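Chain by chain, the residues:
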Amino acid sequence: MPNIEFIAQRAPVFLLIVARCFALIMTLPLLSSKTVPRIAKVALAFYMAYFIYPQVSLFEGKYSEYAAFVSFDGKFSIEYILLLIGEALIGLILGFCISVVFAVFSTAGQFFAFQMGFSAAEAYDALSQVENPLMGQYFNFLAMLVFLQNNWFQMLFLGALKTSYQSLNAFS
């Protein structure tokens with residue numbers, strides 16, 4: 001594991017990793033609700049970036065294309081800012097793809113509620129932050145429980161993040 005001094009020397013690369021992790025956390029279905037404090041989201045993003053950081057190198061892999069735009073002398077260029085935005089967009093896209101999986105369950109619950117005549121009984125869903133029929137909330141909650149119980153959420157969350165560093169960058 002890298003120590004803090006090692007990370008501080010290579011802070012621009014670490015910030016690129018944090019940008020992707022933070023954007024992903026802000027769009028994940030379980031963590032994007034307002035009930036999770038923002039400081040916890042920031043701490044989780046730094047924690048995840050700390051463990052992903054040793055696997056990312058500017059000299060090999062997909063991140064080698066960033067080497068020309070990242071300077072270690074502390075100067076930030078417009079190209080680096082654009083790289084940060086690109087990394088955040090990749091995190092947003094990954095979070096959106098995971099959110100689509102859970103939206104399927106909520107939509108299925110809406111269809112069932114309409115068929116059963118419960119579509120008028122809508123309540124505010126704090127998780128998805130929209131009004132959702134009770135069956136939609138039930139299916140979404142059930143999907144969350146099944147995903148968490150079987151470690152599928154961690155597999156999607158951490159697996160998508162880990163493989164994204166091996167296959168995606170802001171240029172591709």
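Each chain carries its own residue numbering, running from 1 in the written order of its sequence. Residue-level local features of this predicted model are given only where pLDDT is at least 70; pairs of side-chain atoms are given and counted only at 80 or more, and the full residue set underlies all totals for whole chains, interfaces and linings. Values reported for side chains reflect all heavy atoms of the structure, with hydrogen atoms and water molecules removed beforehand.

Asker: What exactly am I supposed to notice about the overall build of the protein here?
Answerer: Counting its secondary structure elements, the protein contains 6 helices and 2 strands. A principal-axis box enclosing the C-alpha atoms of the protein has dimensions of 65 × 30 × 25 Å. Working rule for contacts: check all heavy atoms of both residues, and any pair within 4.5 Å makes them a contact. Taking the contacts inside the protein whose residues are at least 6 apart along the sequence as the reference set, 69% of them involve residues at least 24 apart. For the protein, the computed accessible surface area is about 10,000 Å², with 69% contributed by carbon and sulfur atoms. One way to put it: in the protein the 8 positive side-chain charges average out to a point 3 Å from where the 9 negative ones average out. Runs of E in the DSSP output that reach at least two residues are strands. Runs of H or I that reach at least four are helices, and both are numbered from the N terminus. Every accessible area reported is derived by Shrake-Rupley at a probe size of 1.4 Å, with residue values counting cover from the shown protein chains alone. Asp and Glu are treated as the negative residues and Lys and Arg as the positive ones, with His and the ends of the chain left uncounted. Each charge is placed at NZ for Lys, CZ for Arg, CG for Asp and CD for Glu.

Asker: Sorry if this is basic, but what is going on with the pattern of salt bridges here?
Answerer: Should the charged atoms of two oppositely charged side chains come close, the side chains can pair. Think of a salt bridge as a Lys or Arg side-chain nitrogen and an Asp or Glu carboxyl oxygen that are within 4 Å of each other. Under the counting rule described, the total for this entry stands at 1 salt bridge. Ionic pairing is found between R20 and E87, a salt bridge with its closest N-O pair at 2.8 Å. In this pair, R20 is assigned in helix 2 (residues 11-27) and E87 in helix 4 (residues 78-116), connecting sequence segments 67 residues apart. With respect to class, R20 is no different from E87; both count as buried. Only protein chains enter the accessibility calculation, which uses a 1.4 Å probe; a residue whose area is less than 20% of its type maximum is buried, one above 50% is exposed, and one in between is partly exposed.

Asker: Can you help me understand the side chain of S106 in this one?
Answerer: Summarising the element assignment, S106 is placed in helix 4. In this structure, S106 is in contact with N132, G136 and N140, ignoring residues within four places of it in sequence.

Asker: Before we go on, may I ask you to explain a nonpolar patch on the surface in this structure?
Answerer: Taken together, the side chains of L15, F76, I78, I81, L82, I85, L89 and L92 make up a nonpolar region of the molecular surface, amounting to roughly 740 Å² of accessible area. The element best represented in the nonpolar patch is helix 4, accounting for 6 residues. Note that I81 resides in helix 4. In this structure I81 comes out as partly exposed when scored by relative accessible area, which is 36%. Exposure above 30% relative accessible area and the lack of any salt bridge qualify a residue for a patch; like charges then connect within 9 Å, and the nonpolar side chains Val, Leu, Ile, Met, Phe, Trp and Tyr within 5 Å.

Asker: Would you mind going over the confidence of the model for the protein with me for this structure?
Answerer: Parts of the model with low pLDDT should not have their predicted coordinates read in detail. A residue's pLDDT is simply how confident the predictor is in it, with values from 0 to 100. Put simply, the protein has an average pLDDT of 80, and 90% of its residues get 70 or more. Here strand 1 (residues 122-125) is the element of the protein with the lowest mean pLDDT, 61, and helix 3 (residues 38-52) is the one with the highest, 90.

Asker: Before we go on, may I ask you to explain the state of the cysteines in this structure?
Answerer: By definition, a disulfide links the sulfur atoms of two cysteine residues through a covalent bond. By disulfide we mean two sulfur atoms from cysteines, separated by a distance within 2.5 Å. As enumerated under the stated definition, the model contains 0 disulfides in all. C21 provides the cysteine sulfur closest to C97, a residue in no disulfide bond, and the two sulfurs are 16 Å apart. Residue classification places C97 among the partly exposed residues on the basis of a relative accessible area of 44%.

Asker: I'm lost on the nonpolar core in this one. Help?
Answerer: Note that soluble globular proteins tend to have their nonpolar side chains buried in a common cluster. Within the largest apolar cluster, 35 residues are counted, with the highest numbers of intra-cluster contacts made by I17, C21, V70 and Y165. Listed by contribution, the elements that provide at least two residues to this core are helix 2, helix 3, helix 4, helix 5 (134-149) and helix 6 (152-167). Looking at this core element by element, the count peaks at 8 residues for helix 2. Buried Ala, Val, Leu, Ile, Met, Phe, Trp, Tyr and Cys residues that are joined via side-chain atoms within 4.5 Å together make up what is termed a nonpolar core.

Asker: Looking at this model, I keep getting lost on unusual backbone geometry. Mind explaining?
Answerer: In terms of backbone geometry, most residues other than glycine have negative phi values and most peptide bonds are trans. Look at N151: it is not a glycine, yet its phi comes out positive at around 60°. Relative to the helices and strands, N151 resides in the loop between helix 5 and helix 6.

Asker: How do you make sense of the packing of aromatic side chains when you look at a structure like this?
Answerer: Geometrically, a pair of aromatic rings is defined through the distance of the ring centres and the angle of the planes. Working definition: a ring pair exists when centres of Phe, Tyr or Trp rings (six-membered ring for Trp) sit within 6.5 Å. Plane angles under 30 degrees give stacked, over 60 give edge-to-face, the rest tilted. All told, the structure shown has 8 aromatic pairs when counted by the stated rule. Ring centres of F105 and F147 lie 6.4 Å apart, and the angle between their planes is 75°; this geometry places the pair in the edge-to-face category. Placement of the pair is F105 in helix 4 and F147 in helix 5, with a sequence separation of 42 residues. By relative accessible area, which is 10% here, F147 ends up buried. By way of ring pairs, the aromatic residues F102, F105, F147 and W152 are connected into one cluster. Both a distance and an angle decide whether a charge sits over a ring: NZ of Lys or CZ of Arg must be within 6 Å of the ring centre and within 35 degrees of the ring normal. Directly above the ring of Y165 sits R20, whose terminal nitrogen or CZ lies 4.3 Å from the centroid.

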